[in-house]
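Report on the structure
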Amino acid sequence: MAAGVQRRATGELRLVELFREYEDFVAVNGIDLDVPPGSFFALLGPSGCGKTTTLRMIAGLEEPTSGRILLGTEDITNTRAHQRRVNTVFQSYALFPHLNIIDNVGFGLRQLKVANWKTKAMEALELVKLADRAKQKPRQLSGGMQQRVALARAIVNEPEILLLDEPLGALDLKLRREMQIELKRIQQEVGITFIHVTHDQEEAMTMADTVAVMRSGSIEQLGTPADLYDKPATAFVANFLGQSNLLPIEVTSVSGAVAKVVSHGSELTVESASLPDGQTAGLRLGIRPEKLRLVSATDSVWTNRLSGEVTDVSFTGVATTYLIRMAWGQEITVTQPNDGTARATLGEQVTIAWDPHHAFVIGAD
Amino acid sequence: MNWLRKNLVVIIGLLVIAYILLPNIVVVIFSFNKPAGRFNYQWNQFSLDAWLDPCGSPGMCEALGLSLWIGVVAALISTVMGTMAAFALSRYKFPGRSATNLLVFFPMATPEVVMGSSLLTLFVAMGLQSGQVTILIAHILFTLSFVVTTVKARVASLDPALEQAAADLYATPAQAFWKVTFPLVAPGIAAGALLAFALSFDDYIVTNFNAGATTITFPMFVWGAAQRGAPVQVNVIGTVMFVGAVAIVGIAQAIGSRKRKVDA
Amino acid sequence: MALVVPGVRPVRRRAVRRRGTFTPLILLAPAMLWLTVFFVVPTFSLASQSLQTGDIDNGFVFAWEFQNYASALGRYWPQFLRSLLYAGTATVITLLLGFPLAWFMAHRSGKFKTMLLVLVIAPFFTNFLIRTLAWQVILTDQGWVSNVFRATGITGVLHWLGMVPNDSLMGSPFAVIAGLAYNFLPFMVLPLYTSLERLDLRFLDAAGDLYANGWQTFWKVIWPLSLPGVVSGTLLTFIPAAGDYINSKLLGNTQTVMIGQVIDSQFLRVLDYPLAAALSFILMATIIFMVSLYVRAAGTEELV
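These numbers were taken from a predicted model, which means no experiment stands behind them.

Some thoughts on the overall build of chain C
- Scanning chain C for helices and strands turns up 12 helices and 2 strands.
- N-terminal to C-terminal, the α/β element order of chain C is α-β-β-α-α-α-α-α-α-α-α-α-α-α.
- Seen along its three principal axes, the alpha-carbon backbone of chain C occupies a region of about 95 × 70 × 35 Å.
- Buried positions account for 52% of the 304 residues belonging to chain C.
- About 14700 Å² of surface is accessible on chain C, with carbon and sulfur atoms providing 66% of the total.
- Taking the average location of the 20 positive side-chain charges in chain C and that of its 14 negative ones, the two points are 18 Å from each other.

Notes on the sheet that holds strand β5 (residues 74–75) of chain A
Residues and elements named next belong to chain A.
- Strand order in the open sheet made by the 4 strands is β2-β1-β4-β5, with antiparallel pairing throughout. In the strand order of this sheet, the two ends are held by β2 (26–35) and β5, each with one partner.
- Most of the contacts of helix α1 (residues 51–59) go to strand β1 (residues 13–21), to which it runs at about 120°, and overall it touches β1, β2 and β4 (66–71).

Focus: the environment of Ile58(A)
Residues and elements named next belong to chain A.
- Examined against the element boundaries, Ile58 turns out to sit in helix α1.
- Under the relative-accessibility criterion, Ile58 is labelled buried at 2%.
- Sequence separation between Ile58 and Thr77 is 19 residues; the distance between their C-alpha atoms is 8.4 Å.
- Residues within four places of Ile58 in sequence aside, it is in contact with Leu13, Leu15, Ile69, Arg84, Val86, Leu163 and Ile195.

Details of the pairing of strand β6 (residues 86–89) of chain A
All names here are of chain A.
- Here β6 shows a buried face lined by Val86 and Thr88 and a second buried face lined by Asn87 and Val89.
- Pairing geometry for β6 and strand β7 (residues 161–165), over 4 bridges, is parallel. When the sheet's bridge partners are listed, Val89 is paired in β7 with Leu164.

Things to note about the state of the cysteines
All names here are of chain B.
- Counting across every chain of the model gives 1 disulfide over all chains.
- Here Cys55 connects covalently by a disulfide to Cys61, the sulfurs 1.9 Å from one another. Measuring the twist about the S-S bond at about -95°, one finds the Cys55-Cys61 disulfide to be left-handed.
- What makes Cys61 partly exposed here is its relative accessible area of 22%.

As for the domain arrangement of chain A
Residues and elements named next belong to chain A.
- The domain boundaries assigned to chain A delineate domain 1 (13–235) and domain 2 (243–356).
- Measuring from the centre of the C-alpha atoms in domain 1 to the corresponding centre in domain 2 gives 39 Å.
- With 5 residues of domain 1 at the contact, the number on the domain 2 side is 5 residues.
- Summing the contributions of domain 1 and of domain 2, the shared interface buries around 400 Å²; its carbon and sulfur component is 38%.
- Contact with domain 2 buries surface across domain 1, with Tyr229, Lys231 and Ala235 losing the most and accounting together for 82% of the total.
- Joining domain 1 to domain 2, the criterion identifies 1 salt bridge.

Describing the pairing of β2(A)
All names here are of chain A.
- Across the 10 residues of β2, 7 count as buried, placing the element largely inside the fold.
- The pairing of β1 with β2 spans 7 bridges and is classified as antiparallel. Within the sheet, the bridge partner assigned to Arg20 lies in β2 and is Val28.
- Remark: 4 residues form the turn of the hairpin made by β1 and β2, two consecutive strands paired antiparallel.

Comments concerning the environment of Gly54(C)
All names here are of chain C.
- By the secondary structure assignment, Gly54 is in strand β1 (residues 52–55).
- Note on Gly54: relative accessible area 40%, which makes it partly exposed.
- Sequence spacing of Gly54 and Tyr273 is 219 residues, and the spatial spacing of their C-alpha atoms is 9.3 Å.
- With residues near it in sequence (within four places) discarded, Gly54 still touches Gly59 and Phe60.

Cut-offs applied
The residue count restarts for each chain, going from 1 along the sequence in the order it is written. Chains carry letters and ligands carry numbers; both start at the beginning, A for chains and 1 for ligands, and go up in the order they are written. Local features are withheld for residues below a pLDDT of 70 in this predicted model, meaning they are given only at 70 or higher, and side-chain atom pairs are given and counted only at 80 or more; totals for whole chains, interfaces and linings count all residues. Here the side-chain values reflect all heavy atoms present in the structure, with hydrogen atoms and water set aside. Put simply, DSSP H or I for four residues or longer makes a helix, DSSP E for two residues or longer makes a strand, and each gets a number counted from the N terminus. Under the scheme applied here, a residue whose accessible area is under 20% of the maximum for its type counts as buried, over 50% as exposed, and between as partly exposed, the area being computed with a 1.4 Å probe on protein chains only. Surface accessibility in these figures is a Shrake-Rupley result with a 1.4 Å probe; residues are shielded only by whichever protein chains are displayed. Neither His nor the chain ends contribute to the count of charged residues, in which Lys and Arg are positive and Asp and Glu negative. Every charge is mapped onto a representative atom, which is NZ of Lys, CZ of Arg, CG of Asp or CD of Glu. Paired strands are those between which DSSP finds at least two bridges. Whether two residues are in contact is decided by their heavy atoms, any of which lying within 4.5 Å being enough. For helices, the axis comes from a line fit to the C-alpha atoms of the stretch in contact; other axes are also lines fit to C-alpha atoms, and the angle between any two N-to-C directions lies between 0 and 180 degrees. For this text, the term disulfide refers to a pair of cysteine sulfurs within 2.5 Å. Each domain span listed reflects an automatic or database assignment of domains. Buried area is calculated as the accessible area (1.4 Å probe) missing from two parts once they are joined, with the contributions of both summed. By convention in these notes, a salt bridge is any Lys or Arg side-chain nitrogen within 4 Å of a carboxyl oxygen on Asp or Glu.

Shown next, in the form of structure tokens:
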């Protein structure tokens, strides 16, 4: 199916020291990035972090203040949007309201003077399962369908890179989940490099091979979703991707693979490998709520144990989430899967424990 | 009583519509009159005389032709200049933009009698002979701001992402303009042109200042005729214009609403 | 993978490409040239004319003759006041009539919306002199309007208000104001309609839900939201009405002369250009002053 739109991306996208400054603020503050061909890449961050500006610079819709953009061996920094083999799925879809669906999808092909544009456009519409709507106008379609048309309109041109600017932002939750799977399927089918901008960490992790977390114009951390989640390098990443309990620690001794640390007077162990190089001050230990266990006060299997009082219990069906207040006042979040183990009650004194392998250490910001 | 309160706005609305239409209805009725004296004020007798001889009043059809000609030329020129200015004002940021907006607004805030008289002083100072050229200059001037305002509103309502999408899909700036922006702004430009024509065709005050002694537009003819009793043919023209306007506006609206319905 | 190196800033290259620097200038040039040559320059030439002395036979010379302004105001202040009064009254009437009509069109007309819009716009395209002449027919002494007004006592009330000099409706302030209101009504209705059509009717339910009665809903919700339409509608009505003299000439009498009529005859018949220019200038200054006060009070800087 859709043989016409099969294309393996050939060029690697490289951003070199890319800056975008406005009169009163710096939107993109020096980005260096390599995106390998054929990958599904996500730029993740809160609004105003510069991810959309970065995307628009790749598309050619915005000029970098300085820096270079390379596609394969070609420097495309000074080419304009219509000269780049890069296509975009806009946040508002930006379907042309005066053209019907097939003319929207065929727009780029006709600009490129592709002879059999109609056949190719129909194939692209089949790919997004909207071939029967070819003759309709954009406003006759639902939001989800418009989104798929926008995708078809971009993909049909077989670009080197497809840019997606919060493409699922306007869809409701259920549709968004469906489209996430759909997008992933299409990306694997056509093999084009996808660069996806989103503020939704779950969306980024579900779809992308590689995620770059952005903050105030810079890339905070880059890696696979599992890397970012299990080994966040900063407090920002630790909290932007999921929830984390962070405890201040001081390293007391390192012996081999294990290091001893102290937090609020409690002695704990961490893996030496997780300690950031050369930093000793301002370190914090992070543990995800689902990595914490409620254990009995006498259990000695666990080396890392803390105790406190349950101040909140919320049952969500698959799990129970507790807030547990420590002696020093901090509340620690614990998620206990609904696997039949006994549940704690409000006001109860409990002991929590975790495997050092499941914790991470982050340096000072 | 409750019914009255609920439908009061409808009743008042219909009465106001009647107020708006009443003179037009009178114009239509009296186009079939055969006045007893010079003045076509009192119903006398049904007659098709004026309809069968619409140009029977000397000079009227010439004046009408001149007004149509001036209206078309003025609308054309002010639409082209106004559309260009509207794009500049809504799409670009440049120093002096708000001053430019103000300059566009001022002619609309100037009473016609002031505009007409100040143009007259300029033409007199320049030694420019009053006539068709001076009328055209004046008409382009007072229709220009209305075109700019109308087109600007349309351009502003356009999603800038559409042009970017066109550029993203390999359209050069010129292609993006002609394939995407222009078709989408076209209804606004057409509305601006129609408004410019209507304003030009209807104008008496500014024209009267700048027409000179021998150039007579249709409103000037009607004005002159009104002093000594307007011929019935004036009502015929009035009727044709009203019916024509209802037809044109009606068809335009119907096409618009059918499009919306099909699209919905 | 290379990440950000803090503190290292690459040399900044200024303006990679110059995109459309001159485009707005080129686009604006014809219109701005036109407005400058035929609007700004004439305004100055009008101002200079208003300070000249002399007469049409011996020519006019510039002389800082402020006396022109004194005599313009001294001789014609009643016509000035009358113009503002008539235009103001007509504007209030168009607002009172236009608001219910605009509301009716926007929210109660159902499938007749298009037709009503056509009926409001279409008279625009019929010559307004012809329509004003039709008012002469409508208000004529033996006409049914006059008869109904006399029979119901409305004429009496109008006479008591000083709006009609005797028991005939033609040739009266009433006729002039009615004509003005009629002629400029579409200029009021269309901006109002645009504003009201955008108004979400759920606001009314919300207001009702929050214990507002009909009047409170109107003043606290509908009116503020329709203010942009009200402001542009009143401006588009008041400004041309204040300078108009067609209505006062065709429907009024010698006691209803408005300032436009004076300017017209001073320019084209009396040929006292300096005095006429001074009158024009006073009218323009008055209107600009009033409009800017009004716009500031209404709090909408967004003009038209």
